[in-house]
Amino acid sequence: MSDEEPLMMDQFVVLNYHDLLTPTMVRYSEALVRGTLLGQQCPQCGLVYVPPRGYCPIDTIVLGTEHDVELEDRGVVTAYTIVTPVQYHGQKETEPFVRATILLDEPGGILSLQDLPDVPHDEVRAGMRVQANWVPESERSLDGLDNRSWGSTAGCIKGWRPTGEPDMAPEEYKDKVF
Ligand SMILES: [Zn+2]
């Protein structure tokens, strides 16, 4: 055994791999490019999952196509974060941006990490009513969509914009945000 110190080297590595979408995510993605948000509603607890997961983790039951539901593209901001980007390798953002969690109107469904590009940061608030701003149909893409996306709408929805309706009071949505 050598007494020499091990030689340490820094090395950037690029790993490219293909992530094959699950059949459930394929249905979600096909609906998304058509301009429809597809979810699944659990028949036992009533929760709506978007994107659909193929199961309900609370009731531990399989969800199939019979549980698919088309969702509204309007909802309410229930939480948000203003992200100040730190520059690191690969980081493209330079200015602060918002990531919001949106509870869709009935039957429900929660989309996280959504953009509110047209809303000044000091006007973003929980309770704000918003609707999807879809990318024109001929320009929609599924780039960036994978099985781990939490409510990813990348390439199909530009962001969400205020509807101008009165804000919803916390009491109206506080039991539906988890
Ligand atoms: Zn359930």
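For the structure itself, consult the block above.
It should be emphasised that the depicted structure is a prediction, and the values quoted were computed from it without experimental measurement.

Definitions and limits used
- Residues numbered from 1 in each chain as written.
- Predicted model: local features only at pLDDT ≥ 70, side-chain atom pairs only at ≥ 80, totals over all residues.
- Helix = DSSP H or I, 4+ residues; strand = E, 2+ residues; numbered from the N terminus.
- Buried ≥ 20, exposed ≤ 12 C-beta atoms within 10 Å, placed from the backbone.
- Contact = placed C-beta atoms within 7 Å.
- Pairing = 2+ DSSP bridges.
- Expected span 1.5 Å × (residues − 1).

Trainee: Sorry if this is basic, but what is going on with the overall build of the protein here?
Mentor: Within the protein, the regular secondary structure consists of 2 helices and 10 strands. In the protein, the order of α-helices and β-strands from amino to carboxyl end is α-β-β-β-β-β-β-β-β-β-β-α. Across its three principal axes, the protein shows a C-alpha extent of roughly 70 × 40 × 35 Å. Counting all 178 residues of the protein, 24% fall into the buried class. Within the protein, contacts between residues at least 6 apart in sequence are counted, and of these 61% link residues at least 24 apart.

Trainee: It is not clear to me how the sheet that holds strand 1 (residues 37–41) should be interpreted in this structure. Could you clarify?
Mentor: Strands in a sheet are paired, the pairing made by backbone hydrogen bonds, and the direction either parallel or antiparallel. The 3 strands are arranged 2-1-5 in an open sheet whose pairing can be described as antiparallel. Only two strands of the sheet have a single neighbouring strand rather than two, namely strand 2 (48–49) and strand 5 (68–71).

Trainee: Explanation requested: helix 1 (residues 23–34) in the structure shown.
Mentor: Residues spaced three or four apart along an α-helix face the same direction, because each turn holds 3.6 residues. For helix 1, which comprises 12 residues, the first-to-last C-alpha distance of 17 Å matches the rise-based estimate of 16 Å (1.5 Å per residue) to within 8%. Following helix 1 by one or two positions, Gly 35 adopts a phi angle in the positive range, close to 95 degrees.

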